[in-house]
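These are the residues of each chain, in order.
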Amino acid sequence: KKIFFQASNPGQFENDSDVLWQRGHVPEAIAYHGRVGINTDAPDEALVVCGNAKVMGRVMHPSDSRAKQNIREVDTNEQLRRITQMRLVEYDYKPEFASVMGIKDT
């Protein structure tokens, strides 16, 4: 048995909460102006994934001087002094966690 669904208004959305979804400015893009949750109905950030995520490319975090102000050099000696005050640790994952997460080198 086949079931077909068709929107009564193709390309339009049926309720007020759906107006946050819009076609993007480039082909095959969709924009959502709000928070998105995958496996959660209470996302507290722009995107919350509760579960594993596979990325078949890069995760980009651009750092562009055009978006910044008050850029200035820092005292490297002071920064090195601050680094020596940091607590640095080494650790091994617990075997049960590593096996669930698919981590081979613990």
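Note that the coordinates shown come from a computational prediction; the quantities given were computed from them, not determined experimentally. (Residues numbered from 1 in each chain as written. Predicted model: local features only at pLDDT ≥ 70, side-chain atom pairs only at ≥ 80, totals over all residues. Heavy atoms only, no water.)

A.B. asks: Outline the overall build of the chain, supporting the account with residue identities and numerical values.
C.D. replies: On a plain count of helices and strands, the chain comes out with two helices and four strands. When the helices and strands of the chain are read in sequence order from the N terminus, they spell out β-β-β-β-α-α. Contacts in the chain between residues at least 24 apart in sequence constitute 2% of all its contacts with a sequence separation of at least 6. Of the roughly 11200 Å² of accessible surface on the chain, a fraction of 52% belongs to carbon and sulfur atoms. (Helix = DSSP H or I, 4+ residues; strand = E, 2+ residues; numbered from the N terminus. Contact = heavy atoms within 4.5 Å. Areas by Shrake-Rupley, 256 points an atom, 1.4 Å probe, with all protein chains shown as cover.)

A.B. asks: Quick one: what's the story with the packing of aromatic side chains, residue by residue and with numbers?
C.D. replies: The full count for this structure, using the stated rule, is three aromatic pairs. Judged by centre distance (5.4 Å) and plane angle (35°), the ring pair of Tyr-93 and Phe-97 falls under tilted. Here a set of aromatic residues connected by ring pairs shows up, and it is made of Tyr-91, Tyr-93 and Phe-97. (Phe/Tyr/Trp six-rings, centres within 6.5 Å; stacked < 30°, edge-to-face > 60°.)

A.B. asks: Give me a nonpolar patch on the surface: which residues, what numbers.
C.D. replies: On the surface, Val-89, Tyr-91, Tyr-93, Phe-97, Val-100 and Met-101 cluster together into a nonpolar patch covering about 620 Å² of accessible area. Locating Val-100 in the fold gives a position in helix H2 (residues 95-101). Since its relative accessible area comes to 64%, Val-100 is described here as exposed. (Patch = residues over 30% accessible without salt bridge, like charges linked within 9 Å, V, L, I, M, F, W, Y side chains within 5 Å. Salt bridge = Lys/Arg side-chain N within 4 Å of Asp/Glu carboxyl O. Buried < 20%, exposed > 50% of the residue type's maximum accessible area, 1.4 Å probe, protein only.)

A.B. asks: Which residues make up the pattern of salt bridges, and what values go with them?
C.D. replies: Taken as a whole and judged by the stated rule, the model has two salt bridges. For Arg-66, the salt bridge goes to Asp-64, with nearest N and O atoms at 2.5 Å. Between Glu-78 and Arg-81 there is a salt bridge whose closest N-O contact spans 2.6 Å. Of this pair, Glu-78 and Arg-81 are both found in helix H1 (residues 76-84), three residues apart, which corresponds to roughly one turn of the helix.

A.B. asks: How would you summarise unusual backbone geometry if you had to cite specific residues and measurements?
C.D. replies: In this structure, Glu-28 takes a positive phi of about 60° despite not being glycine. Notably, Asn-70 is not glycine yet its phi reads approximately 55°, a positive angle. Mapped onto the secondary structure, Asn-70 falls in the loop between strand E4 (47-49) and H1.

A.B. asks: I'd like a rundown of the confidence of the model for the chain, residues and numbers included.
C.D. replies: This prediction gives the chain a mean pLDDT of 81; 81% of its residues lie at or above 70. Looking at the elements of the chain, mean pLDDT is at its lowest for strand E1 (residues 21-23), recorded as 82, and at its highest for H1, recorded as 95. Counting interchain partners and residues more than four positions distant, the pLDDT-below-50 stretch residues 4-10 has two contacts. (pLDDT = per-residue confidence, 0-100.)

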